[in-house]
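# Inside the fold
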Amino acid sequence: MTIIITAFERSPDGGKGLARDTRVRWALEEVNQPYEVRAVSFRAMKEPAHLALHPFGQIPTYENGDLALFETGSIVFHIAQRHAGLLPDDANARARAITWMFAALNTVEPPILELVTAKILEGDKSWSEERMPLKADRIRDRLKQLSVRLGDAEWLDGAFSAGDLMMVSVLLRLKASGILDEFRNLSAYVARGKARPAYKRAFDAQLALNNGKPAP
Ligand code: GTB
C-alpha cells in the first residue's frame, strides 16, 4: 500500500520547512518508508473531498490503504508504532519517548504558536506590540525548563526518538524570533536534529515541491 500525505501546494513559508507536513515526512524518512504527496491548494483544503480526510480543512493528512489520519501527533505516533526506528523497544523508555511527543505538542508548542500567530494575524492591532514581550517571556519560561532538563545530553531521553523529532520540529518555529539562540544547548539540539539525513531528505522534498520541482 502506498502512503500518501497531503501538503500545501505552495507553503506560505516558501519552503522553509515550517509547515507541518515536514514532521510527517521526517518521520517517514527516519523509518525508511516511501510516500507520495498530494499537494492541495487553500481552496481545496476546505472542499468536501479534503474535509472527509481532515475535518478542520488542514494539512497534513496521512492515508495508507483504508486508514486515513489527521493531526501530526497522531500521524507521527502511528508511523513510530508501525515501524522500527522512532520508539525504543523497552516499554518504559517507549512510554517516556511518547511523553516527550505530548510535551512537545501540549506544553512547548502552545506558547510558541501564540507568538507566531500573534505576529501573522494580530500584527496590525494597536495592542499587538505591547503584548509581544509577554508572549516571548512565556516561551522563555518553557525553554528554560526544557534547557535544564536537556542539559548536555544529545537527545531528551537516550537515543533519538519520535519525542525528539516532535520537539525539534516545534522549536524550529522559533528560528525567526531569535529566542532559541538564547539557549545554547537547545540551539545545538535543534541543529543536531536538522543534521540528521532523514530530516535533510524531508526538508529537500518539501522545498522541491515549493520550488515546483519533483522531489529527488
Ligand atoms: N494540530 C494540527 C496538526 O498538528 O496536524 C495543525 C495542522 C495545521 O496547523 N495545519 C496548517 C494548515 O493546514 C498548516 S501547518 N493551515 C491552513 C488552514 O488552517 O486553513 C501550520 C503552518 C502554516 C504555515 C507556516 N508557515 O508559512 O510558516 C507554518 C506552519
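In this text, all values refer to a predicted model and were calculated from it rather than measured experimentally.

Below, the discussion takes up the pairing of strand 4 (residues 67-70). The sheet contact formed by strand 3 (residues 61-64) and strand 4 spans four bridges and is antiparallel. Its bridge partner lying in strand 4, threonine 61 is registered against phenylalanine 70. Linking strand 3 back to strand 4 in an antiparallel pair, the connection comprises two residues, with glycine 65 at a positive phi of about 60°.

Close to the ligand lie 14 residues; Arg20, Lys46, Ile59, Glu71 and Thr72 are nearest. A distance of 3.0 Å separates an oxygen atom of the ligand from a polar atom in the side chain of glutamine 58. Isoleucine 59 has a polar backbone atom sitting 2.8 Å from a nitrogen atom of the ligand. Burial of the ligand by the protein chains amounts to 79% of its free accessible area of 680 Å². A molecule is said to occupy a pocket when more than half its atoms come within 2 Å of that pocket's grid points, and by this definition the ligand occupies the largest pocket. Tallied by class, residues from the shell around the ligand come to seven nonpolar, two polar and five charged.

Below, the discussion takes up the pattern of salt bridges. Enumeration over the complete set of coordinates arrives at 14 salt bridges. Here glutamate 114 ties to lysine 135 by a salt bridge, and the two come within 2.9 Å at their closest N and O atoms. With a gap of 21 residues between them, glutamate 114 in helix 5 (residues 91-121) and lysine 135 in helix 6 (residues 128-150) connect regions that are remote in the sequence. Lysine 135 sits in the buried class, given a relative accessible area of 4%. One salt bridge connects arginine 140 with glutamate 182, and the closest N-O pair in it is separated by 2.7 Å. In this pair, arginine 140 is assigned in helix 6 and glutamate 182 in the loop between helix 7 (162-172) and helix 8 (184-195), connecting sequence segments 42 residues apart. Relative accessible area serves as the criterion here: at 22%, arginine 140 is assigned to the partly exposed category. We classify glutamate 182 as partly exposed; its relative accessible area is 44%.

As enumerated under the stated definition, the model contains seven aromatic pairs in all. Cluster of aromatic residues (ring-pair linked, three or more members): Trp26, Trp155, Phe160, Tyr189, Tyr199 and Phe203. Here arginine 192 stacks its cationic end above the ring of tryptophan 155, 5.8 Å away from the centre of that ring. One Lys or Arg, arginine 196, reaches over the ring of phenylalanine 160 and ends 3.6 Å from the middle of that ring.

So, how was this worked out
- Residues numbered from 1 in each chain as written.
- Predicted model: local features only at pLDDT ≥ 70, side-chain atom pairs only at ≥ 80, totals over all residues.
- Heavy atoms only, no water.
- Pairing = 2+ DSSP bridges.
- Helix = DSSP H or I, 4+ residues; strand = E, 2+ residues; numbered from the N terminus.
- Near = heavy atom within 4 Å.
- Polar contact = N/O pair within 3.5 Å; in protein donor to acceptor, adjacent residues only side chain to side chain.
- Areas by Shrake-Rupley, 256 points an atom, 1.4 Å probe, with all protein chains shown as cover.
- 1 Å grid on protein atoms, 1.4 Å probe; cavity = no way out; pocket = protein on both sides within 12 Å on 5 of 7 lines; lining within 4 Å.
- Sits in = over half its atoms within 2 Å of the grid points.
- Nonpolar A, V, L, I, M, F, W, Y, C, P; charged D, E, K, R; others polar.
- Salt bridge = Lys/Arg side-chain N within 4 Å of Asp/Glu carboxyl O.
- Buried < 20%, exposed > 50% of the residue type's maximum accessible area, 1.4 Å probe, protein only.
- Phe/Tyr/Trp six-rings, centres within 6.5 Å; stacked < 30°, edge-to-face > 60°.
- Lys NZ or Arg CZ within 6 Å of the ring centre and 35° of its normal.

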